[in-house]
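Secondary and tertiary structure notes
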Amino acid sequence: MDLKPQDIVFIIVLILLFIKRDPRLFAVLGLICLGLSIPLFYQWIFFTAQRLVIYAFFFLTFSVFFNAFKLRADYKTND
């Protein structure tokens, strides 16, 4: 598998978001990736659009995990 420039940018953004650990940013970037992929699919630019959908999946998945961990930590502190 070759790393394309957009893959390198994705990895850098992902590392920066892991440092920040804000689930909202993950969710917003996931939705932005999905929004950007729609016109690319319409213009038949499938490779980049498919990559954006994959990135959106990862961003949204990490958002769910960080929210779950945050809710669990808040639940334990309230007991």
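Predicted model only: the values in this text are computed from it and were never measured.

1. A closer look at helix 1 (residues 5-20)
One turn of an α-helix holds 3.6 residues; hence residues three or four places apart share an orientation. With 16 residues, helix 1 should reach 22 Å at 1.5 Å per residue; the first-to-last C-alpha distance of 23 Å fits that figure. The set of residues buried in helix 1 consists of D7, F10, L14 and L17. Buried residues of helix 1, viewed axially, fall in a sector of 85°; they line one side. Looking at helix 1, the residues exposed on the side facing more than 90 degrees away from the buried face are P5, L16, I19 and K20. Just beyond helix 1, the residue with positive phi is R21, at close to 55°.

2. Points about the environment of F58
With respect to the element layout, F58 can be found in helix 3 (residues 46-78). Judged by relative accessible area, which is 34%, F58 ranks as partly exposed. Separated by 31 residues in the primary sequence, F58 and A27 place their C-alpha atoms 9.7 Å from one another.

3. Overview of the pattern of salt bridges
One pass over the structure, following the stated rule, counts one salt bridge. For the salt bridge of D7 with R51, the shortest nitrogen-to-oxygen distance reads 2.7 Å. Linking D7 in helix 1 with R51 in helix 3, this pair joins segments that are 44 residues apart in sequence. Exposure class is identical for D7 and R51. Each is buried.

Conventions adopted
- Residues numbered from 1 in each chain as written.
- Predicted model: local features only at pLDDT ≥ 70, side-chain atom pairs only at ≥ 80, totals over all residues.
- Heavy atoms only, no water.
- Helix = DSSP H or I, 4+ residues; strand = E, 2+ residues; numbered from the N terminus.
- Expected span 1.5 Å × (residues − 1).
- Buried < 20%, exposed > 50% of the residue type's maximum accessible area, 1.4 Å probe, protein only.
- Arc of directions from axis to C-beta.
- Salt bridge = Lys/Arg side-chain N within 4 Å of Asp/Glu carboxyl O.

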